[in-house]
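So the chains spell out like this:
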Amino acid sequence: MTSLTRALPQEMQARFELGFERRAPTLSPTQRRLSAIMSVQLFKAVLLLVLQAEEDERRLLVGELKTALGRYLEPLLG
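Just so it is clear, the structure is predicted and the values come from calculations on it, not from any experiment. (Residues numbered from 1 in each chain as written. Predicted model: local features only at pLDDT ≥ 70, side-chain atom pairs only at ≥ 80, totals over all residues. Heavy atoms only, no water.)

Attention now moves to the pattern of salt bridges. Enumeration over the complete set of coordinates arrives at three salt bridges. Residues Glu11 and Arg15 are paired through a salt bridge, measuring 2.8 Å at the closest nitrogen-oxygen approach. Of this pair, Glu11 and Arg15 both sit in helix H1 (residues 3-23), separated by four residues, roughly a single helical turn. Judged by relative accessible area, which is 40%, Glu11 ranks as partly exposed. The exposure class assigned to Arg15 is exposed, which follows from its relative accessible area of 59%. The shortest N-O distance in the salt bridge between Glu55 and Arg59 comes to 2.9 Å. Of this pair, Glu55 and Arg59 are both found in helix H3 (residues 55-77), four residues apart, which corresponds to roughly one turn of the helix. Residue Glu55 is classed as exposed on the basis of its relative accessible area, which comes to 52%. Taken together, the salt bridges that share partners define one network made up of Glu55, Asp56 and Arg59. (Salt bridge = Lys/Arg side-chain N within 4 Å of Asp/Glu carboxyl O. Helix = DSSP H or I, 4+ residues; strand = E, 2+ residues; numbered from the N terminus. Buried < 20%, exposed > 50% of the residue type's maximum accessible area, 1.4 Å probe, protein only.)

It is at 10 Å that the axes of helix H2 (residues 29-52) and H3 come closest, and there the two elements cross at 170°. Taken as axis vectors, H2 and H3 run roughly antiparallel relative to one another. Counting all contacts with H2, which are made through Gln31, Leu34, Ser35, Met38, Ser39, Leu42, Phe43, Val46, Leu49, Val50 and Leu51, the residues of H3 involved are Arg58, Leu61, Val62, Leu65, Leu69, Tyr72, Leu73 and Leu76. (Axes fitted to C-alpha atoms, helices over the stretch in contact; angles between N-to-C directions. Parallel < 35°, antiparallel > 145°, perpendicular 65-115°, else oblique. Contact = heavy atoms within 4.5 Å.)

What follows deals with H2. Residue pairs spaced three or four apart in an α-helix point in one direction, given the helix's 3.6 residues per turn. Here H2 is 24 residues long and its end C-alpha atoms lie 35 Å apart, about the 34 Å a rise of 1.5 Å per residue gives. The sharpest bend along H2 measures roughly 35° and falls at Val46. Among the residues making up H2, those that are buried are Arg32, Ser35, Ala36, Ser39, Val40 and Val50. (Expected span 1.5 Å × (residues − 1). Bend = angle between axes of the 7 residues up to and from the residue.)

Shown next as structure tokens:
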């Protein structure tokens, strides 16, 4: 694994954690970290599928990913 493929998810996770801290300051550091990990992993799981899809399907897949992440995060962020 290249340093870029390792660094990108770590950077994304750090940004998610910062966003969670700002939007939901009552979340514990552990919950922020776990939620950031899950969010990044959900994104990574769908990314290759999105990149390989034709344009019309890509838009639909991105919409589904947004829905999945939104439904996961809504209870945490309100």
